[in-house]
Amino acid sequence: MTAPRWTTALLRQLAAPAEAETLVGDLEEAHRARVARRGVLVATILTAFEAFDVAFLLVRRRVRLPRPSVSWLDVKLGMRMLVIANFFRDTVRGLRNWRRTPGSALLMILALGLSGGALLTLVTLFDALFWRELPVSHPEELVGVSAIERGMPQYETDGIPLSLFNSLDRAQNVFQSFAGFEQFQSAAVIANSGQRLTIEGVDGRYFETLGVRAALGQVVGAREVDGVSPVAVISFRCWQTRFGAARDVIGQTLRVQGESVTVIGVAPRAFTGLEVGTPSDAWVPASLVPRLLKSSPGLSFFSALVGRLRPGASLQAARSQLETLWPSARQASADSLPEARQYTLALQPRIESAARGFSAVGMFYRHTLSLLILSSAITLVLSCANLSGLLLARWSTREADLAVQAALGASNGRLVSQVVGESLALSMAAVLLSAPLALWSAKSLTVLLWSQPNLSLPLDLSPDYRVLGVMVGLAGLVAVCVSLLPAARVWSAKLRLIGEVRGLPGRSVTRWGRWLVAAQVALSVPLLVTAWIVAANLHRLEGANMGFRPDGVIVVNTTNQSGVAPAADPVEYLIELATALRAAPGIGAAALSWSEPLSFGADGRRRPLTGGDGLHGVRSFVVKVSPGYFETLSVPFVAGRDFSWTDDRNQRDVAIISEGVARELFPGADALGRRVRLGAQPDRFLEVIGVVADAKLAMPQAANQLFLFTALQQEPPRSLDLSSPLVLLKSPLPPGAIETLARRTIVGLGRHDVVEVHPLEHTRDSALLPERVMRLGASYFAGLTALLVFVGLYAVLNLSVMRRIPEIGLRLALGASAHDIRVTLVREAFSTAAVGLILGVPLAFASGRLVASSLTVVGAHDALAFGGAIALILAISTLSVLIPLRRAGRITPVEALGSR
Amino acid sequence: VTKTPPTATLAEFELLVMVAAMRLGADEAHAVSIAADITQRTGRGVRRANVYMTLQRLEDKGLLTTALGDSRPERGGKPRRLVTPTREGVAAVRATMAGINAMTRGVRI
């Protein structure tokens, strides 16, 4: 049994080479003897201590012996080691001091741990989403190219047309390799069970560009893409969870949208694609995607492009070259794509480093996360102010002790080092407590945000050097912040004579303490107001009239059965399906669509619409629906009629518009019978046959959502045949019963399988997740803040009573009543709170405005929120004054004057 | 007049180290065995760092010499630094012991 390797390494590092071998030998020999006598564990601990002991000796020897070989560097190193050793001793002494008052130590560690833990949680999430580099070779060489449609949010962009990518690729010379990918969700069947998979359609050079090799089998290359091979590389996670980590997975098949796809490889464990937060389950050749998505092969789009810089090329060079090439490439692409001409011409490039991948999910949550980080940072500052006050009081009672140390020759630095050491001990304990808490809550929050409790996490949350750095930095920063005031006081205490030192806190301590508490109150007001606004917003969103009723609506995702020949008349089949579902017992209404209400689907993006006269234009969501859609979702008609199955391709193209669209396109006129031009697709003219009331079908938050509905049965027969419809059922039956019913009916018709069934209310809940997370975070910080303010105010008042015992005694002896004493204390409590409120209310206005900018329902200056926050602070002040009041009430003149 | 240099005397821990080195002999006396011997006989815990420091001091005063011994398997194949008291060292032990004996003679302890 040998000594721990680091102990011998330590000695080798510090000892002269000639001496090192014998010292290490001694350590080994002593360790062996100890192991025989006392067991491995005790021996290891003792050997570690001994190694430190000898190491200190070696350092001290190097410092003290003025041998010619000793350089200034050695001396400086030695001095530094001595300072560190002293500081270490102070920290240990600090820990020992805290052991004497475990209650207050625990309270402080908890306060710091809870606020620091929350900050660490958010930093961990932020790190995983935005800071972590992709697990590919030399990620810093990667450049991402994405496109934004002029005037549109990025997540509403369809992507970059394949022809645009090809033009860019031919003309560029900054990348050694350039590739594109398109991520999409799809229903799939693996070993007879339905799944939803996230799939990336990739270019032939995708894996080569990223430098990713298969963990098993091979990757998708140019041969597979050119040959449109129905093959897939599956992710490591998909291999583990869906194929049971079978070694013979290569050659097995899965069915995607009815198409049989063969597995040719497994990606490495860490690699989950370029979209951070949306890990891919499989990669297929991009050329296969139109077949899987039943779209026109000419209309292929990449979500984004990624290139690897040539040696010597920079991001700046890539940016300037691609921006120069973009307009001509865009024009050529638009000319070759008449169907998407208008869309393509509106595209602007966005070129940035892809070392950290792309994160659409991150963009979606960025605002929420940033606001929460801000709140948690404020809470942490608040905890620091709180602890600073408590430490100030603590150190002021030890002034006599400090003055003696100073008189015996301790320098100011040594005295302050004690204060900082004690704070450091405290903050280290808090960080140690908060680290596991943070990891756990980051995991829970991720599960909540992605609502995937049964799958492994979509993010890599393992702590990396950045999170560890933040942790250590946080501990140091907190220690310094917390000890600033007490250290300043200790510094000035040294200057005083011993005779002047009192055993009780001075007046200035309580004065400083009161200012600190007032600052805490001031900071807590914005947090409380924010929490109120966020909670009120969610409450109103949940209770708001959305213009339709999601309750009782069940969503059924289907996929094509394999090996089924195309239907002779797809519309006939859809009519049969809708009729069969409607006739099933317990089903009130049934409808078919291609996209789910309240979630972003391919059809959920906004398209340009113009009135037939060409005078007015709007962008509106375009949704393809079957007859019965509005009845199923309980959306009332304002005018006109619903689609009927006879509105097929033999008739004129018809549309139903929402009231908002009617108002915008045909102001002051009747919309029925008018024509609407739908752009971006091959221009299509539709006749308005109905107007429905406005409903928030796209998302629960935004107001003024404009919709144009087209008839599903008027789509090209090939699209109808290849696409799997989404079935919406309205029924009072429980979801489980409907699932059985729907499965039997749909599968019985012999064309589709059921992949998954869920209530529409679940979709609404997921859509409200950012608000829920905001409420969770804001309430947590508000609660913590209230607790901190209470503790701070209580501590200051208590100290004030202690300090004034002689004064109170004297006043009582001179005839003051207990009531007078109480009034003084209450006045002190409320004046402190009032100062805090006066400072805090303007801050709350500012923070309210910041938060309200991302909210939809509640304004920034909600009177109730301000009233509630002020009332809560006053209630806390009342509570915190109760115990000090009792203590003051028990003081008798004799005792008080006696103690003097 | 030539002045003979006074015989060195030893501090208490130096005395213990010197005596332990003398007892263990030139083949066995090294830092680990010296520390173990002192602990075993006096019952007090000995930090090896102190033994190193004392050996260094005694060597600087010329009271003992050190030399590398054989490599041993129980030491991970590392050699021992063996300690041998010099004539001056033995004289110093004698002088210190004589001083102690002279001082304690007749005193009931």
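Refer to the structure above for everything that follows.
Just so we're clear, the structure is a prediction, and the values are computed from it rather than from any experiment.

Visitor: Residues and numbers for the overall build of chain B, please.
Guide: The helix and strand inventory of chain B stands at 4 helices and 2 strands. Of the regular secondary structure in chain B, the N- to C-terminal order runs α-α-α-β-β-α. Taken over 109 residues, chain B has a buried fraction of 36%. Pairs at least 24 residues apart make up 54% of the contacts formed inside chain B by residues separated by at least 6 positions. Accessible surface, chain B: about 6600 Å² in total, of which carbon and sulfur atoms supply 55%.

Visitor: Hey, could you go over the side chain of lysine 730 of chain A for me, with residue numbers and the actual values?
Guide: Positionally, lysine 730 of chain A belongs in strand S22 (residues 726-730). Contacts of lysine 730 of chain A, omitting those with residues within four sequence positions, involve Arg549, Asp551, Gly552, Val553, Gly586, Ile587, Gly588, Ala589, Thr632 and Ser634 of chain A.

Visitor: Can you explain the interface of chain A and chain B? Please cite residues and give values.
Guide: Listed as interface residues are 19 residues of chain A and, on the opposing side, 18 residues of chain B. Here chain A packs against chain B, burying approximately 1600 Å² in sum over the two surfaces, 55% of which is carbon and sulfur. Connecting chain A to chain B are 4 salt bridges. A salt bridge links arginine 75 of chain B to glutamate 29 of chain A; its shortest N-O distance comes to 2.6 Å. Viewed at the interface, chain B and chain A are joined by 8 residue pairs in polar contact (both at pLDDT 80 or more). The greatest single-element share of the side of chain A that touches chain B, amounting to 13 residues, is contributed by helix H2 (residues 17-38) of chain A. Considering only residue class, the side of chain A that touches chain B consists of 7 nonpolar, 2 polar and 10 charged.

Visitor: Give me the lowdown on unusual backbone geometry, citing residues and values where you can.
Guide: Residue and element names in this part refer to chain A. Look at valine 228: it is not a glycine, yet its phi comes out positive at around 45 degrees. Topologically, valine 228 is positioned in the loop between helix H8 (222-226) and strand S6 (231-234). Phi angles above zero are rare outside glycine, and serine 634 is one such case at about 55 degrees. Secondary-structure assignment places serine 634 in the loop between helix H19 (629-632) and strand S17 (637-640). Residue serine 634 is classed as partly exposed on the basis of its relative accessible area of 29%.

Conventions we followed
- Residues numbered from 1 in each chain as written.
- Chains lettered and ligands numbered in written order.
- Predicted model: local features only at pLDDT ≥ 70, side-chain atom pairs only at ≥ 80, totals over all residues.
- Heavy atoms only, no water.
- Helix = DSSP H or I, 4+ residues; strand = E, 2+ residues; numbered from the N terminus.
- Buried < 20%, exposed > 50% of the residue type's maximum accessible area, 1.4 Å probe, protein only.
- Contact = heavy atoms within 4.5 Å.
- Areas by Shrake-Rupley, 256 points an atom, 1.4 Å probe, with all protein chains shown as cover.
- Buried area = accessible area lost by both parts, 1.4 Å probe.
- Salt bridge = Lys/Arg side-chain N within 4 Å of Asp/Glu carboxyl O.
- Polar contact = N/O pair within 3.5 Å; in protein donor to acceptor, adjacent residues only side chain to side chain.
- Nonpolar A, V, L, I, M, F, W, Y, C, P; charged D, E, K, R; others polar.

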